[in-house]
Amino acid sequence: MKLSGESLGGKAGVGLDPEMMQQYAKEIAAVASKGVQVAIVIGGGNIWRGRNNTYIDSSLSDKVGILSTTINSLILNATFNE
């Protein structure tokens, strides 16, 4: 299952909307409860991609994207454990 990082922001499409995170967790848990193994690929929400920057090289920009993906996955995981 691919979750767009931007979709985690709900209607606003930015940040992390707790209601959207809970909705995803409910839907994923419902599928998993039927014995389906669920793999989740979660995005970083494009928090940096495409930014006009002249002071940060592409390697650091990639790291920022990786960190945002990690943050989104940690928060989604915590939502499952509520």
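Relevant structure appears above.
First things first, this report covers the structure right here in the doc. What you see is a predicted model, and the numbers here were worked out from it, not measured in a lab. (Residues numbered from 1 in each chain as written. Predicted model: local features only at pLDDT ≥ 70, side-chain atom pairs only at ≥ 80, totals over all residues. Heavy atoms only, no water.)

A short note on helix 2 (residues 58–80)
- With 23 residues, helix 2 should reach 33 Å at 1.5 Å per residue; the first-to-last C-alpha distance of 34 Å fits that figure.
- Residues Ser61, Ser68, Asn72, Leu76 and Thr79 constitute the buried set of helix 2.
- Considering only its buried residues, helix 2 is in contact with strand 1 (2–3), helix 1 (18–32) and strand 2 (41–42). (Helix = DSSP H or I, 4+ residues; strand = E, 2+ residues; numbered from the N terminus. Expected span 1.5 Å × (residues − 1). Buried < 20%, exposed > 50% of the residue type's maximum accessible area, 1.4 Å probe, protein only. Contact = heavy atoms within 4.5 Å.)

Overview of helix 1
- Across its 15 residues, helix 1 extends 21 Å between first and last C-alpha, which sits within 8% of the 21 Å expected from 1.5 Å per residue.
- The complete set of buried residues in helix 1 reads Met21, Tyr24, Ala25 and Ile28. Angularly, the buried residues of helix 1 cover 100° about the axis, an arc narrow enough to put them on a single face. When the buried face of helix 1 is taken as reference, the exposed residues oriented beyond 90 degrees from it are Glu19 and Lys26.
- Buried residues along helix 1 sit in contact with strand 1 and helix 2.
- With a side-chain oxygen lying 3.0 Å from the backbone nitrogen of Glu19, the N-terminal cap of helix 1 falls on Asp17. (Arc of directions from axis to C-beta. Polar contact = N/O pair within 3.5 Å; in protein donor to acceptor, adjacent residues only side chain to side chain.)

Things to note about the packing of helix 1 against helix 2
- One can describe the packing of helix 1 onto helix 2 by two numbers: an axis separation of 9 Å at closest approach and a directional angle of 65°. What the angle tells us is that helix 1 and helix 2 run roughly perpendicular. Every pair of crossing elements has a handedness; the one defined by helix 1 and helix 2 is right-handed. Residues Met21, Gln22, Tyr24, Ala25, Ile28 and Ala29 of helix 1 form the contact with helix 2, whose own contacting residues are Asn72, Ile75, Leu76, Thr79 and Phe80. (Axes fitted to C-alpha atoms, helices over the stretch in contact; angles between N-to-C directions. Parallel < 35°, antiparallel > 145°, perpendicular 65-115°, else oblique. Left-handed = near helix turned anticlockwise from the far one by under 90°.)

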